[in-house]
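# Architecture and fold: a report
Chain by chain, the residues:
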Amino acid sequence: MEPMEEPKEEPMEDELEIIHAEVDSVLKRYESNPEKLIPILQGVQAKLGYLPKEAMLQIADAVQIPEVEVYGVGTFYNQFRLNPPGKHQIKVCMGTACHMTGGRIIMDSFERRLEIPEGETTPDREFSLERVACVGCCALAPVVLVDEEVEAKVRPTRVDGILLGFGMELPSANNKQKEEGREE
Amino acid sequence: MSVSGLKVEQAYQQLKIQAQQKLAGLQEKPYVLVGTATCGRAAGALNVMETFCNEIEKHQLDVKVLEVGCMGHCYAEPMVVINKPGFPQLCYGSVDEGIAARLVSDYLANDDPCFEFAMAALEPNDLFPTFSDYPRGVYEQKIVLTDCGLIDPQDIDHYLARDGYTALAKALDMGPDSVIAEIKNSKLRGRGGAGFPTGIKWETCKNAAGTPKYVICNADEGDPGAFMDRALLESNPHQLLEGLTIAAYAIGAAKGYIYVRAEYPLAITRLRTAIEQAREKGLLGESVLGSKFSFDIKIFQGSGAFVCGEETALIASIEGNAGIPNNRPPFPAISGFHGKPTIINNVKTLSYVSHIINHGADWFKSIGTPNSPGTAVFALAGKVVGTGLAEVPMGTTLRTLVYDVGNGIKDDKNFKAVQIGGPSGGCLPEPALDLPIDFDSLQEAGAMMGSGGLVVLDEDDCMVEIARFFLEFTQHESCGKCTFCRLGTKQMLDILTDITQGRGKPEDIDLLWELAEDIKIGSLCALGKTAPNPVLTTIRFFRSEYEAHIEEGRCPALMCKDLITYHIVPEKCSKLCDACIGSCPVEAVYTRPDMLKAIDLEKCVKCDNCLVTCLTLYQAVAKKSPPVVEEGES
Ligand SMILES: Cc1cc2nc3c(=O)[nH]c(=O)nc-3n(C[C@H](O)[C@H](O)[C@H](O)COP(=O)(O)O)c2cc1C
Ligand code: FES
């Protein structure tokens, strides 16, 4: 095991290998059929958690369609992500029922606690925060998906509970004030 | 009956008898059904199920625990049904681990049915009322929801034992033309939103030149706030498979797709299992039930784009492209998937098919209204007490739906509007409650029935904000092909955002109206054509709310964040309580020298926590609009 590494910009050599191997296996399953582009992208995302640029290049090459087209499909659909997700994925429902019963307040609470705006991942890659348009659980709104588990009737206090459950330390009154230099 | 018809009938009877024998064995002993559809799971059904299993083992009982779908009473999840020979089948609501343990020790191990936890009995008896003894049960008339929550969706024998797939066997004997004639005669209209006559669609496709033909089930359920299709897929997938297979037989298709929304993973899993089991039983695949008809179904997982619910965009998506709608005509029934004749029907539409084939067109027409026969399935959500699924005859009024079926508004608040028809629909006020709901009635009011999403709004809901919400949605989901839809909705969204943030101008209302008309005319598909509806209906019925925002910087519903501030009313606050302080995530609530509490407006992030916390104590936290700029009070 190596010691902690710096976050890296470009995928490393061994990471590239993994990407190529995973994409290969998905491509084989769908026989590089261009019509299966969406299932291929879904398959790759299921394996890698996102669609790396290298993967899209490799797919374009194999199914013989222009790279921009693969990219076009990848960006058209909300489900696909072009950046790696956090270890824990938090998706706040912003469907009608959830919105009207306080979904925005829940999103605000997560943004405040995680200190990232919606759509981003925390610098330590622990959490990513996204919105989702209705998971079909509207009767129990507002709803949050935490690593694919549905949390129903979420209040801002529950937001803290969810994060505490993952071992996140929430700023206590004193720390926060010290940080911001507001202590008398 | 023809010789081949006899063969089919025999093959079917054999499957059914086997299934019934298996189920009869189950009935002899006590069993527990736990509703583990998505709504049940969200409420904790899996933990409840585990408790049942553990306690049953502890008491060394011979009791089976089965997973079922959703009975529609989502407000009372997790729900459980217990069958014990000698007792009526009883349904229990809001079951937690404690209640589950009691039900095992008191009822299953002994003979006390714990009536204090029971909701209703499933059949009439001398001990406990049934669902039809409550208003919801009186007004509901179930066709497609009948078996939901009562059969194991992962075991085809449950469906077969209840006469499932009878309609398929019958259809194979009737012949395609008679099947289409029956559906046409039933006047079944598509439940995906547009209400197009299903029989005519099928006939057009059957007569269209070109092979092979395709059938596609639209399970994209894009309306954010609707969950009828999800519940049907998770609770009774075979009902849909049977309908889809009959549709394929009628038009002469050998291949079918079910396009399921990516956000519904459980539905996809249950559907997969159902398809496999149907194949094993010879109900799908080569020569269905021994007939000359072969048919198979594939699941296509959507990728989260609302516009893909539109049929031409959906086809583009299955073909591997970005889901961008195409001009119609030609309609998919003439030229669809791969340019071949294709029918696309909604989950509910197809789920009615087996019932119509079994009971006949006249039976179907005896329910509902002359132009919209049958029932309508609604997903009740928002500020209504009885959230969940309800199936009522077409022509039922919104008032019945909200007050009798849905049991009225939560927390004794005042009703304000129903949002019906999703992003294409509108918000209808109190007087519209007496409209009978069918495909045609709501159009006049500027809304539409849509696919069945119904969000109830109360006095705390801002009508400008909901209009903004829907515009944000359609703006984001516009595929960008039509300029008016792409740019017009953006402009409307900007204006609405300004209004909700206190920057509205007097001319904005007229401007919104004009833009709305342009977008309606200038858009190709129904996404753009109907996108302005939520704005138009809210202006029409709630104009004064727009004016309050624009002229006074005031949100009458106290919802728009930029137009409110939170305060603690000293007269109501208690010196002895500091629950609000504990609830505040940003230490904005403080104790004044006189021990009462107050809120530092600079620090307050308007998260609503203190208000909710105090609601059960002193109701001392209040919102004010227009916002108080400085700490003006004592
Ligand atoms: C933007 C848009 C979104 C749609 N979304 C859905 C949907 O999620 N589910 C659905 O069944 N129909 C949806 N429709 C309607 C379909 O285009 C089509 O009319 C329907 O699937 C036909 O089935 P039916 O005749 O059984 O109603 C949508 C239409 C538009 C314009
Ligand atoms: S609106 Fe949030 S689950 Fe449907």
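Residues numbered from 1 in each chain as written. Chains lettered and ligands numbered in written order. Predicted model: local features only at pLDDT ≥ 70, side-chain atom pairs only at ≥ 80, totals over all residues. Heavy atoms only, no water.

## Concerning the domain arrangement of chain B
Residue and element names in this part refer to chain B. How we decide: For each domain, the first and last residues come from an automatic or database assignment. Throughout, a residue-residue contact means that at least one pair of heavy atoms, one from each residue, lies within 4.5 Å. Two parts placed together each lose some accessible area; with a 1.4 Å probe, that loss summed over both constitutes the buried area. A carboxyl oxygen of Asp or Glu within 4 Å of a side-chain nitrogen of Lys or Arg is what we treat as a salt bridge. Here a polar contact means two N or O atoms within 3.5 Å. Within protein one must be a hydrogen donor candidate and the other an acceptor candidate, and residues neighboring in sequence count only if both atoms are side-chain atoms. Residues were grouped as follows: Ala, Val, Leu, Ile, Met, Phe, Trp, Tyr, Cys and Pro as nonpolar; Asp, Glu, Lys and Arg as charged; and all remaining residues, including Gly, as polar.
Taken domain by domain, chain B comprises domain 1 (22–133), domain 2 (164–364), domain 3 (375–458), domain 4 (463–552) and domain 5 (564–633). Contact with domain 1, which involves four residues of that partner, is made by five residues of domain 3. For the pair domain 1 and domain 3, the two sides together bury roughly 300 Å², of which 61% comes from carbon and sulfur. Across the contact surface, domain 1 and domain 3 share zero salt bridges. Inspection of the domain 1/domain 3 interface yields three residue pairs in polar contact (both at pLDDT 80 or more). Here the side of domain 1 that touches domain 3 is composed, by residue class, of two nonpolar, two polar and no charged.

## Quick word on a negative patch on the surface
As a reminder of what qualifies: Only residues above 30% relative accessible area that lack a salt bridge enter a patch, with like-charged residues linked at up to 9 Å and the nonpolar side chains Val, Leu, Ile, Met, Phe, Trp and Tyr linked at up to 5 Å. Accessibility throughout is a Shrake-Rupley quantity obtained with a 1.4 Å probe, and a residue counts as covered only by protein chains that appear here. All tallies of charge rest on Lys and Arg as positive and Asp and Glu as negative; His and the ends of each chain are not included. A charged residue contributes its charge at one atom only: NZ of Lys, CZ of Arg, CG of Asp or CD of Glu. Helix and strand definitions here come from DSSP, where helices need a minimum of 4 consecutive H or I residues and strands a minimum of 2 consecutive E residues; each element is numbered from the N-terminal end.
Together, Glu507(B), Asp510(B), Glu514(B), Glu517(B) and Asp518(B) make up a region of like negative charge exposed at the surface. You can see Asp518(B) is positioned in helix H20 (residues 508–522).

## Focus: the packing of helix H10 (residues 228–235) of chain B against helix H11 (residues 237–251) of chain B
All names here are of chain B. We count it as follows: In this analysis an axis means a line fitted to C-alpha atoms, helices contributing only their contacting stretch, and an angle means the value between N-to-C directions, from 0 to 180 degrees. In what follows, roughly perpendicular refers to angles from 65 to 115 degrees, roughly parallel to angles under 35, roughly antiparallel to angles over 145, and oblique to any angle outside these ranges.
At their nearest, the axes of H10 and H11 sit 5 Å apart, and the two run at 95° to each other. The angle between H10 and H11 places the two elements in the roughly perpendicular class. Listed contacts from H11 to Leu232, Leu233 and Ser235 of H10 are Pro237, Gln239 and Leu240. Looking at the contact of H10 with H11 residue by residue, the classes come out as four nonpolar, two polar and no charged.

## A look at the site of ligand 1
Residues and elements named next belong to chain B. As a reminder, the rule being used: Neighbouring residues are identified by heavy atoms, a residue being near a molecule or strand if any of them is within 4 Å of it.
Around ligand 1, 18 residues are found, and the nearest of them are Gly192, Lys201, Asn218, Asn346 and Thr349. A distance of 3.1 Å separates an oxygen atom of ligand 1 from a polar backbone atom of Glu311. Protein contacts shield 89% of the accessible area of ligand 1, which totals 610 Å² for the unbound molecule. Of all the elements in the fold, those that place two or more residues in the shell around ligand 1 are strand S9 (342–346) and helix H21 (526–530). Among the elements that make up the shell around ligand 1, the one with the highest residue count is S9 (three residues). Taken together, the residues of the shell around ligand 1 sort by class into four nonpolar, eight polar and six charged.

## A closer look at the domain arrangement of chain A
Taken domain by domain, chain A holds domain 1 (13–76) and domain 2 (88–176). Summarising the inter-unit geometry, the C-alpha centres of domain 1 of chain A and domain 2 of chain A are found 30 Å apart.

## Let's talk about the interface of chain A and chain B
Taken together, the contact pairs 41 residues of chain A with 65 residues of chain B. A buried area of about 4,000 Å², summed over both sides, lies between chain A and chain B, and 58% of it is on carbon and sulfur atoms. One can count three salt bridges joining chain A with chain B. The shortest N-O distance in the salt bridge between Asp608(B) and Arg155(A) comes to 3.8 Å. Looking at the side of chain A that touches chain B, the elements that each hand over two or more residues are helix H2 (37–48), helix H4 (67–76), helix H5 (96–100), helix H6 (103–114), strand S2 (127–132), helix H7 (156–165) and helix H8 (173–179) of chain A. Its residues placed into classes, the side of chain A that touches chain B shows 23 nonpolar, ten polar and eight charged.

## A word on the side chain of Thr342(B)
Residues and elements named next belong to chain B. Within the fold, Thr342 resides in strand S9. A polar side-chain atom of Thr342 sits 2.7 Å from the main-chain carbonyl oxygen of Lys340. The contact partners of Thr342, leaving out residues within four places of it in the chain, are Cys205, Tyr214, Ile216, Pro332, Ala333, Gly336 and Phe337.

## Observations regarding the pairing of S9(B)
Residue and element names in this part refer to chain B. Applied cut-off: With a 1.4 Å probe rolled over the protein chains alone, any residue whose accessible area is under 20% of its type maximum counts as buried; one over 50% counts as exposed, and the rest are partly exposed. In this description, strands pair whenever DSSP reports at least two bridges between them.
Burial of S9 is extensive: five of the five residues sit out of reach of the surface. In terms of strand pairing, strand S6 (residues 213–219) meets S9 through five bridges, oriented parallel. By the bridge assignment for S9, Tyr214 is matched with Thr342.

## Topic: the nonpolar core
Going by this rule: Nonpolar core, defined: a set of buried Ala, Val, Leu, Ile, Met, Phe, Trp, Tyr and Cys residues in which side-chain atoms within 4.5 Å join the residues together.
Judged by nonpolar contacts, the single largest core of 107 residues is most densely connected at Tyr165(B), Trp202(B), Val215(B), Ile258(B), Leu283(B), Leu289(B) and Phe295(B). In terms of residue count, H11(B) provides more of this core than any other element does, nine residues in total. The residues touching Tyr165(B), leaving out its near neighbours within four places in the chain, are Tyr12(B), Ile156(B), Tyr159(B), Leu160(B), His238(B), Leu241(B), Glu242(B), Ala278(B) and Leu283(B). Grouped together as the second largest cluster of nonpolar side chains are 41 residues, Leu41(A), Ile59(A), Phe306(B) and Cys482(B) included.

## Quick word on the sheet that holds strand S1 (residues 88–93) of chain A
Residue and element names in this part refer to chain A. Across the sheet, four strands lie side by side as S2-S1-S3-S4; this open sheet has mixed pairing. The open sheet has two free edges, formed respectively by S2 and strand S4 (149–151), since each of these has just one partner strand. Sheet twist, expressed as the average angle between the axes of neighbouring strands with direction ignored, equals 25°. Two elements, S1 and strand S3 (residues 144–146), share three bridges in a ladder whose sense is antiparallel. The residue bridging Lys91 from the neighbouring strand is Leu145, located in S3.

## Notes on helix H8 (residues 176–186) of chain B
Helical geometry: 3.6 residues make up each α-helical turn, so side chains three or four residues apart lie on a common side. All names here are of chain B. Counted only if it meets this: The reported arc concerns the directions from the helix axis to the C-beta atoms and nothing else.
Every buried residue of H8 is listed here: Val179, Ile180, Ile183 and Ser186. What you see down the axis of H8 is that its buried residues fit within an arc of 130°, all on one side. Tucked inside the fold, the buried residues of H8 contact helix H7 (166–174), helix H9 (198–207), H11, helix H14 (347–359) and helix H15 (361–365).

## Considerations on the environment of Ser2(B)
Within the element layout of this structure, Ser2(B) appears in the segment before helix H1 (3–27). Along the chain, Ser2(B) and Met174(B) lie 172 residues apart, while their C-alpha atoms are 9.9 Å from each other.

## Structural notes on the side chain of Lys416(B)
Residue and element names in this part refer to chain B. Of note, Lys416 is situated in strand S12 (residues 415–420). Taking the relative accessible area as the measure of exposure, Lys416 reaches 14% and is therefore buried. Apart from the residues lying within four places of it in its own chain, the contact partners of Lys416 are Leu428, Pro429, Glu430, Leu457, Asp458, Glu459, Asp461, Met463, Phe542, Glu545 and Ala557.

## Quick look at the environment of Pro532(B)
Residue and element names in this part refer to chain B. By the element assignment, Pro532 lies in the loop between H21 and helix H22 (533–552). For Pro532, a relative accessible area of 0% corresponds to the buried category. In sequence terms Pro532 and Lys520 are twelve residues apart; their C-alpha atoms lie 7.2 Å from each other. Every residue in contact with Pro532, bar those within four places of it in the chain, is listed here: Met492, Ala516, Ile519 and Lys520.

## Observations regarding the packing of aromatic side chains
Two aromatic rings are characterised by how far apart their centres lie and by the angle between their planes. Using the following cut-off: For this analysis, a ring pair means two rings from Phe, Tyr or Trp (six-membered ring only for Trp) whose centres lie within 6.5 Å, classed as stacked if their planes differ by under 30 degrees, edge-to-face if by over 60, and tilted for the remaining angles.
Inspection of the entire model under this criterion finds 16 aromatic pairs over all chains. Ring geometry for Tyr403(B) against Phe415(B): centres 6.5 Å apart, planes inclined by 50°, an arrangement best described as tilted. Highlighted residues: Tyr403(B) in helix H16 (residues 398–405) and Phe415(B) in strand S12, separated in sequence by twelve residues. For Phe415(B), a relative accessible area of 13% corresponds to the buried category. Chaining the aromatic ring pairs together yields one cluster made of Phe76(A), Tyr77(A) and Phe80(A).

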